[in-house]
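Now for the letters of each chain:
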2 protein chains.
Amino acid sequence: MKPVPSFSGLARTLALGILLALGARAQAQTDPLPSWNDGPAKQAIVTFVKETTEQGSPSFVPPAERIAAFDQDGTTWVEQPMYAQVMFAFHQLGVMAAKDAKLKSTEPFKTVFSGDRAATAKLSLPDLEKILAITHTGMTVEVFQKSAQDWITSARHPRFQRLYTELVFQPMLEVMKYLRDNGYKTYIVTGGGQDFVRAYAERVYGIPPEQVVGSAADTKFGYDKDGKAILTKVPKVMLVDDKTGKPVGIHLMIGRRPMAAFGNSTGDQQMLEYTQDGGGARLMMLVHHDDDVREYAYGPASKVGTFSDALMAEAKKRGWVVISMKNDWKRIFAWE
Amino acid sequence: MKPVPSFSGLARTLALGILLALGARAQAQTDPLPSWNDGPAKQAIVTFVKETTEQGSPSFVPPAERIAAFDQDGTTWVEQPMYAQVMFAFHQLGVMAAKDAKLKSTEPFKTVFSGDRAATAKLSLPDLEKILAITHTGMTVEVFQKSAQDWITSARHPRFQRLYTELVFQPMLEVMKYLRDNGYKTYIVTGGGQDFVRAYAERVYGIPPEQVVGSAADTKFGYDKDGKAILTKVPKVMLVDDKTGKPVGIHLMIGRRPMAAFGNSTGDQQMLEYTQDGGGARLMMLVHHDDDVREYAYGPASKVGTFSDALMAEAKKRGWVVISMKNDWKRIFAWE
């Protein structure tokens, strides 16, 4: 039998316990959303968390069902002037052209290499798909992951001249942490490629790969030259995780309706509807980009992240909370 | 400020703390795998867990990367004489025929209704697919889930006359719990339908819906007559999570190679290869059904759960651990 610790040891242990408990209480009373201005958006988040997690609340949600879904581009980080993943694809084209010069004289790649931004911005969807296919498939999942990690830790945003991962919205990081601290599992549910986002989601959002739902290419099982089992990315779409595809991706990968969903564009509408129509206390929020000083102001006319008039009408009709970046966010980036 | 508790209160609190700590230590020293006989299979599991979770071990695996994948049919529960899900499909056919008598006179359904077990067992794969399509699609995901829950909580196995969920292998439940107690996330990775398994996985295995990877039909987003957002299951395959499809499903849904994988048939071979070839300390195990007294004994000749000679040779070559149900399992079912 182990000896019972001495009384002075007991007292020390106990004092430490009390200090830790008091510390925890003090921390719990600090504002979990310091980058948010007081207002209806912040209030909606706090009310939702209290309603769904406080014992005895009529809207109490068991921990296992606490799922929150976050769109990425425009919701958790900057998406202007172009999605980060498209910039990554253009970069990868350059890497490939260094080994295969023919690419530079073949359309649609030639347009990208021309440096003509206007022409590049006008590339058709099929052309963009060709660029995505050639830069995102034909390698093992590990080789792709390494490329994405190399790019994301070095490429800089043209306006802010910072890493893309520094252009994550601090208020949304706080919401993610606040939800997790209250037993929620946080998911990224993005129209972007899930293998791309998985390359940094854990480090940047605290979200592990298995909680990233995104558009996905198929993979093919095989063996490398040493007989080791590998998966190769192939140019066949498995899931387009956008618009009506978001609820489909959520069901495929999570299997429950989220309790909370955050978006910023028409691509997120169905995800918010699917969330809300699960019934009970749910939280649906849309980020509105209305701050061209600190970030961007764009709406129906934008090529990416369209916040149409119809979406604004739907938000009003369904009672979704629209977040004004200008008014609701005290701070947008951690480095401000 | 809160008053400091009295000394007797302190002493009580402290004594309770010591009791709890001693209790935890005592529990940690009890056998986590009581239904396993001592032997190389049990030893392999314990060694793997220690090697990958003890601080300072050269094979230490960070908690976030601790993923374990379990095949279901034949690995975590009985799969003879027929997969539970096929029995469910036959039952659902009966429910449908009660509303639409034509089904009874239409092949391949007519064969099922004939009660001719031999003929039913000989149904071709396309015929089985027709049966699966008609019983597993055309309804919302919630309606399907309810049907599966109703069936799984009432249907009985023809030989054991018990609920299918009572035919879960107690030794595998212990492995799942032991892994989870050591920071592993446990996944079901099944050739069966993920929506079917999700209907009971949390209750039976302690595995939430988002940790069930399985074959999946596509779903279609839409609205019901009240304008509520719904997902309807449609007869279009998204993922066949079997054989080479298991690593594909794992990458799609988890995004990492598992550290441990458990199977029992040729359908699991590639999953075990993919697990092993991630490198480092990994655990690959195959359940061998060699106990026709307590469960079943079957091998290469079986229509389900084929343990071919080639698989046995591969297991030897790659050093996978083959579990003999007869010799390694003290108890197979909780009710024994």
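Structure shown above.
Reading the values: rules and limits
Residues numbered from 1 in each chain as written. Chains lettered and ligands numbered in written order. Predicted model: local features only at pLDDT ≥ 70, side-chain atom pairs only at ≥ 80, totals over all residues. Heavy atoms only, no water. Phe/Tyr/Trp six-rings, centres within 6.5 Å; stacked < 30°, edge-to-face > 60°. Helix = DSSP H or I, 4+ residues; strand = E, 2+ residues; numbered from the N terminus. Buried < 20%, exposed > 50% of the residue type's maximum accessible area, 1.4 Å probe, protein only. Lys NZ or Arg CZ within 6 Å of the ring centre and 35° of its normal. Axes fitted to C-alpha atoms, helices over the stretch in contact; angles between N-to-C directions. Left-handed = near helix turned anticlockwise from the far one by under 90°. Contact = heavy atoms within 4.5 Å. Nonpolar A, V, L, I, M, F, W, Y, C, P; charged D, E, K, R; others polar. Pairing = 2+ DSSP bridges. Polar contact = N/O pair within 3.5 Å; in protein donor to acceptor, adjacent residues only side chain to side chain.

Student: Just checking my understanding: could you explain the packing of aromatic side chains for this structure?
Tutor: Here the distance between the centres and the angle between the planes together describe a pair of aromatic rings. As enumerated under the stated definition, the model contains 36 aromatic pairs over all chains in all. Judged by centre distance (5.7 Å) and plane angle (65°), the rings of Phe88 of chain B and Trp151 of chain B are edge-to-face. Here Phe88 of chain B is found in helix 3 (residues 84-97), whereas its partner Trp151 of chain B is found in helix 7 (residues 141-152), with 63 residues between them in sequence. The burial state of Phe88 of chain B is the same as that of Trp151 of chain B; both residues are buried. In textbook terms, an aromatic cluster arises when at least three aromatic residues are bridged by ring pairs, as seen for Trp36, Phe160, Phe169, Tyr296, Trp329, Phe333 and Trp335 of chain A. Over the ring of Trp335 of chain A we find Arg162 of chain A, and its NZ or CZ is 4.0 Å from the ring centre. Here the guanidinium or amino end of Lys233 of chain A rests over the ring plane of Phe144 of chain A, the centre of that ring lying 4.6 Å away.

Student: I tried to follow the packing of helix 3 of chain B against helix 6 (residues 125-136) of chain B on my own but got confused; where do I start?
Tutor: Angle between the axes and distance between the axes are the two parameters that describe a pair of packed helices. Residue and element names in this part refer to chain B. At a closest axis distance of 9 Å, the pairing of helix 3 and helix 6 adopts a crossing angle of 60°. Helix 6 is crossed by helix 3, and the crossing has left-handed handedness. For the pair formed by helix 3 and helix 6, the contact residues are Gln85, Val86, Phe88, Ala89, Phe90, Gln92, Leu93 and Met96 on the first element and Leu128, Ile131, Leu132, Ile134, Thr135 and His136 on the second. Looking at the contact of helix 3 with helix 6 residue by residue, the classes come out as 10 nonpolar, 4 polar and no charged.

Student: Whenever I open this one, the sheet that holds strand 3 (residues 212-223) of chain A confuses me. Can you help?
Tutor: Residue and element names in this part refer to chain A. If you walk across this open sheet you meet the 7 strands as 4-3-2-1-5-6-7, and the pairing is mixed. The open sheet has two free edges, formed respectively by strand 4 (229-239) and strand 7 (321-324), since each of these has just one partner strand. Across the sheet, the mean angle from the axis of one strand to that of its neighbour is 35°, orientation sign disregarded. Here strand 1 (residues 67-70) pairs with strand 5 (residues 260-263) via 3 bridges, running parallel. Looking at the pairing, Ala69 lines up with Ala261 of strand 5. Contacts from helix 2 (residues 40-53) reach strand 5, strand 6 (283-288) and strand 7 within the one sheet, and its direction differs from that of strand 6 by about 155°.

Student: It is not clear to me how the pairing of strand 4 of chain A should be interpreted in this structure. Could you clarify?
Tutor: All names here are of chain A. As judged from the 7 bridges shared by strand 3 and strand 4, these two strands associate in the antiparallel manner. In the strand pairing of strand 4, Lys220 is matched with Thr232. Joining the antiparallel neighbours strand 3 and strand 4 is a turn of 5 residues, in which Gly227 adopts a positive phi near 80°.

Student: Where do I start with the side chain of His136 of chain A in this structure?
Tutor: Residues and elements named next belong to chain A. Its location among the elements puts His136 in helix 6 (residues 125-136). Note on His136: relative accessible area 9%, which makes it buried. For His136, the side chain forms a polar contact with the side chain of Thr135, separated by 2.9 Å. Residues in contact with His136, not counting those within four places in the same chain, are Gln85, Phe88, Ala89, Phe144 and Lys233.

Student: Would you mind going over the side chain of Lys246 of chain A with me for this structure?
Tutor: With respect to the helices, strands and loops of the structure, Lys246 of chain A is situated in helix 11 (residues 245-253). A distance of 2.8 Å separates a polar side-chain atom of Lys246 of chain A from the backbone oxygen of Val189 of chain A.

Student: Is there a simple way to explain the sheet that holds strand 3 (residues 212-223) of chain B in this structure?
Tutor: Strand pairing in a sheet relies on backbone hydrogen bonds, with the paired strands running either antiparallel or parallel. Residues and elements named next belong to chain B. An order of 4-3-2-1-5-6-7 is seen for the 7 strands of this open sheet, with the pairing classed as mixed. Two strands lie at the open edges of the sheet, namely strand 4 (229-239) and strand 7 (321-324), each paired on one side alone. Recorded for the sheet is a direction-independent mean angle of 35° between the axes of neighbouring strands. Where strand 6 (residues 283-288) lies against strand 7, 4 bridges are found, and the strand directions are parallel. Bridging across to strand 7, His288 finds its partner in Ser324.

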